[in-house]
Amino acid sequence: MTAGATELARECERLRVENRQLQRAVSSHALVDQAIGAVIVLGRIRQDEAWGVLRDVSQRTNTKLSLIAEHVLKFAQGGDLPQPELDEFRRALERNRIGSRTDR
């Protein structure tokens, strides 16, 4: 294989890896957006507050945001939310309600 062909093969592999990463990111972003919508409905809160709830639950339970989003969507459809996440979800909703009352 020539140097040019080797370099081309490396670049092709780099682009494949980047493509897979971008596909995962787009999929994860869509999942989080759907979960934000579910939290808006469940918590009767604004979009920015719903984002904050998901972020809080993720940080406080040390769980990836995309996994929290997946769990919240299942919960919104009648499934169970793991107990630590459910407890933190309730606390995050309450924190956001208190915060939004003081922001007005």
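Up top is the structure.
Criteria and thresholds
Residues numbered from 1 in each chain as written. Predicted model: local features only at pLDDT ≥ 70, side-chain atom pairs only at ≥ 80, totals over all residues. Heavy atoms only, no water. Salt bridge = Lys/Arg side-chain N within 4 Å of Asp/Glu carboxyl O. Buried < 20%, exposed > 50% of the residue type's maximum accessible area, 1.4 Å probe, protein only. Helix = DSSP H or I, 4+ residues; strand = E, 2+ residues; numbered from the N terminus. Contact = heavy atoms within 4.5 Å. Axes fitted to C-alpha atoms, helices over the stretch in contact; angles between N-to-C directions. Left-handed = near helix turned anticlockwise from the far one by under 90°. Nonpolar A, V, L, I, M, F, W, Y, C, P; charged D, E, K, R; others polar. Expected span 1.5 Å × (residues − 1).

Caption draft 1: Representation of the pattern of salt bridges within the structure. Scanning the entire structure with this criterion turns up twelve salt bridges. Taking the shortest distance from any N to any O, the salt bridge between R46 and E49 comes out at 3.5 Å. Take R46: its relative accessible area is 41%, and that puts it in the partly exposed class. Residues joined in a network through salt bridges with shared partners are D56, R60, E88, R91 and R95.

Caption draft 2: The environment of L93, seen in detail. Of note, L93 is situated in helix α4 (residues 83-103). You can call L93 buried: its relative accessible area is 7%. With 81 residues separating them along the chain, L93 and C12 place their C-alpha atoms 46 Å apart. When sequence neighbours within four positions are dropped, the list of residues in contact with L93 reads V39, G43, I45 and V53.

Caption draft 3: Examining the packing of helix α2 (residues 47-61) against helix α3 (residues 65-76) more closely. α3 packs onto α2 with a crossing angle of 115 degrees between their chain directions and a minimal axis gap of 9 Å. In this structure, α2 crosses over α3, and the sense of that crossing is right-handed. Mapping the contact onto sequence places W51, L54, R55, V57, S58 and T61 in α2 and L65, I68 and V72 in α3. When its residues are assigned to classes, the contact of α2 with α3 shows six nonpolar, two polar and one charged.

Caption draft 4: Expanded view of α3. Between its terminal C-alpha atoms α3 stretches 16 Å, which fits the 16 Å expected from twelve residues at 1.5 Å a residue. Every buried residue belonging to α3 is among I68, A69, H71, V72 and L73, and all of these are buried.

Caption draft 5: Inspection of unusual backbone geometry at higher detail. The backbone of R44 sits at a positive phi, close to 50 degrees, despite the residue not being glycine. Counting through the fold element by element, R44 comes out in the loop between α1 (3-43) and α2. When its relative accessible area of 77% is taken as the criterion, R44 is described as exposed. Phi angles above zero are rare outside glycine, and N62 is one such case at about 55 degrees. Its place among the elements puts N62 in the loop between α2 and α3.

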